[in-house]
Amino acid sequence: MATILYNNQPALRPARAFNKVLNDLLRDTLPTVAEPTQSFVPLADILESEQGFELHLALPGVVKEDVKIDFQDGNLVISGERKAPVAEENGPKFRRMEMAYGSFTRSFRLPDTVEITAIEAQLTDGVLRVKLPFDSKKVTKHHIEIQ
């Protein structure tokens, strides 16, 4: 026969809720690093409208001079670097670094419907916005009437 233990005295029950125990257990799951990383992968969103695609890349702390955008062999290649802050010899030392630094490269395969010569890019507020308009001259779907 199994013995069941039950605390029928609420004042003696543990005061911590299950959520607090779970939060304490999962806290600080990121590894603590005191040196900047060598590379990272920026997050990307791709939107589609009637005019074309729009690509958003999260690049906080990156200046436009450190970003390069190329089109080669059907791929849009975005590369660059986010420079890590330099700790001074007598200044404060890094104890924890969660932001990623270093070089990055993202490659996106573009469909034939994008007009390559009309691609525009703008970097504001840490978001690189690349407009990829559709080629209005190129036909990808056409219905032919039978006579």
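Residues numbered from 1 in each chain as written. Predicted model: local features only at pLDDT ≥ 70, side-chain atom pairs only at ≥ 80, totals over all residues. Heavy atoms only, no water.

In the nomenclature of an unreviewed UniProt entry, the protein chain corresponds to Hsp20/alpha crystallin family protein from the organism Hymenobacter cellulosilyticus. Recorded in UniProt for the protein chain, the comment headed Sequence similarities (unreviewed entry) runs: "Belongs to the small heat shock protein (HSP20) family." (UniProt positions renumbered as here; feature names shortened; annotations may be inferred.)

> For this particular structure, what's the right way to read the pairing of strand β1 (residues 44–48)?
For a regular strand, side-chain orientation follows a simple rule: the groups alternate between the two sheet faces. Bridge count between β1 and strand β2 (residues 52–58): five bridges; the pairing is antiparallel. The residue bridging L47 from the neighbouring strand is E54, located in β2. What sits between β1 and β2 in their antiparallel hairpin is a turn of three residues. (Pairing = 2+ DSSP bridges. Helix = DSSP H or I, 4+ residues; strand = E, 2+ residues; numbered from the N terminus.)

> Help me out: how do you make sense of the environment of R82 in this one?
Secondary-structure assignment places R82 in strand β4 (residues 75–82). In this structure the C-alpha to C-alpha distance between R82 and L59, which are 23 residues apart in sequence, comes to 8.0 Å. Look past the residues within four positions of R82 in its chain and what remains in contact with it is F40, L59, P60, G61, V62, M99, A100, Y101 and G102. At 2.5 Å, the side chain of R82 forms a polar contact with the backbone oxygen of P60. (Contact = heavy atoms within 4.5 Å. Polar contact = N/O pair within 3.5 Å; in protein donor to acceptor, adjacent residues only side chain to side chain.)

> Would you mind going over the pattern of salt bridges with me for this structure?
Two side chains bearing opposite charge may form a pair once their charged atoms approach each other closely. Overall, the coordinates contain two salt bridges when judged by the stated rule. Here D66 ties to K83 by a salt bridge, and the two come within 3.2 Å at their closest N and O atoms. One end of the pair, D66, is in the loop between β2 and β3 (67–72); the other, K83, is in the loop between β4 and β5 (102–109), and 17 residues separate them in sequence. By relative accessible area, which is 22% here, D66 ends up partly exposed. D70 is the salt-bridge partner of K68, the closest N and O atoms lying 3.6 Å from each other. Classification of D70 as partly exposed rests on a relative accessible area of 31%. (Salt bridge = Lys/Arg side-chain N within 4 Å of Asp/Glu carboxyl O. Buried < 20%, exposed > 50% of the residue type's maximum accessible area, 1.4 Å probe, protein only.)

> Is there a simple way to think about the sheet that holds β4 in this case?
Through backbone hydrogen bonds, the strands of a sheet pair up, either in parallel or in antiparallel fashion. Ordered in space as β3-β4-β5, the three strands form an open sheet in which the pairing is antiparallel. On the outer flanks of this sheet lie β3 and β5, each paired with one strand and no other. Going from strand to strand, the sheet's axes swing by 15° on average, the running direction of each strand aside. With six bridges connecting them, β3 and β4 associate as antiparallel partners. Directly across from I69, in β4, lies its bridge partner I78. (Axes fitted to C-alpha atoms, helices over the stretch in contact; angles between N-to-C directions.)

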